[in-house]
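Each chain, written out:
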Amino acid sequence: QLQLVESGGGLVQPGGSLRLSCKTSGFVFDMYVIAWFRQAPGQERREVSCISASGNTISYTDSVRGRFTISRDNAEKTVHLQMNRLRPEDTGVYYCAAGHGSFWFCGGAQKSLEVWGQGTPVTVSS
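Residues numbered from 1 in each chain as written. Predicted model: local features only at pLDDT ≥ 70, side-chain atom pairs only at ≥ 80, totals over all residues. Heavy atoms only, no water.

**Some points on the state of the cysteines**
Disulfide: a covalent bond formed between the sulfur atoms of two cysteine residues.
At step 1: The full count for this structure, using the stated rule, is 2 disulfides.
At step 2: Each sulfur in the disulfide pair C22 and C96 lies 2.1 Å from the other. Between C22 and C96, the S-S torsion sits near 75°, and that sign places the bridge as right-handed. Linking C22 in strand β3 (residues 18-25) with C96 in strand β9 (residues 92-100), this pair joins segments that are 74 residues apart in sequence. By the burial criterion, C22 is buried, and C96 matches it.
At step 3: Note on cysteine connectivity: C50 is disulfide-linked to C106, with sulfurs 2.0 Å apart. The chirality of the disulfide connecting C50 with C106 is left-handed, given an S-S dihedral of about -75°. Of the two residues, C50 is situated in strand β5 (residues 45-51) and C106 in the loop between β9 and β10 (115-116); the sequence distance between them amounts to 56 residues. (Disulfide = S-S within 2.5 Å. Helix = DSSP H or I, 4+ residues; strand = E, 2+ residues; numbered from the N terminus. Buried < 20%, exposed > 50% of the residue type's maximum accessible area, 1.4 Å probe, protein only.)

Here it is in structure tokens:
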């Protein structure tokens, strides 16, 4: 059973930090591309960061570049998203998703991803 479970979200003040985690199970972790998506209130879900199966290729959307860092721990089969200097515009439900590295790539169609987590909400507010 392929499964992703996000954790680490919460309420934080502007300028604060959170570390999100995406724990995977049921598949060969180092063969899958992992991406983080955000669905802001009233908006469509958008990709914010992605990491290749090898960990050698990383992408960020412009609004988070320099503030967020994505990483993967193959031993723990977990991907992390370190979120620093948070802004109110970062508010939303954060999802991680996985696609096989032979068939999906960062920036690819969301509907083509193989498995999604349940999401973890992040609220940035004073």
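Next, the rest of the story.
**Some words on the environment of D73**
At step 1: With respect to the secondary-structure elements, D73 resides in strand β7 (residues 68-73).
At step 2: Here D73 falls in the partly exposed class, since its relative accessible area comes to 29%.
At step 3: Non-local contacts of D73, meaning those with residues more than four positions away in its chain, are made with F29 and T78.
At step 4: Reaching out from D73, the side chain makes a polar contact with the backbone nitrogen of A75 at a distance of 3.1 Å. (Contact = heavy atoms within 4.5 Å. Polar contact = N/O pair within 3.5 Å; in protein donor to acceptor, adjacent residues only side chain to side chain.)

**Quick look at the sheet that holds β7**
At step 1: Strand order across the open sheet formed by 4 strands is β1-β3-β8-β7, with antiparallel pairing between neighbours. Where the open sheet ends on each side, the last strands, each with one partner, are β1 (3-7) and β7. Recorded for the sheet is a direction-independent mean angle of 15° between the axes of neighbouring strands.
At step 2: Bridging between β3 and strand β8 (residues 78-83) involves 6 bridges; their strand directions are antiparallel. Following the sheet pairing, L18 is matched in β8 by M83. (Pairing = 2+ DSSP bridges. Axes fitted to C-alpha atoms, helices over the stretch in contact; angles between N-to-C directions.)

**Examining the pairing of β1**
The two faces of the sheet receive side chains in turn, since in a regular strand these alternate between them.
At step 1: Going residue by residue along β1, you find L4 and E6 tucked away on one face and Q3, V5 and S7 left uncovered on the opposite face.
At step 2: Both β1 and β3 contribute to a ladder of 5 bridges, which runs antiparallel. Residue pairing for β3: E6 is matched across the bridge by C22.

**What about the environment of T61?**
At step 1: Residue position: T61 is located in the loop between β6 (58-60) and β7.
At step 2: By relative accessible area, T61 is classed as partly exposed at 29%.
At step 3: Put simply, T61 and V115 are 54 residues apart on the chain and 21 Å apart in space, counted from C-alpha to C-alpha.
At step 4: The contacts of T61, once residues within four sequence positions are left out, are E47 and V48.

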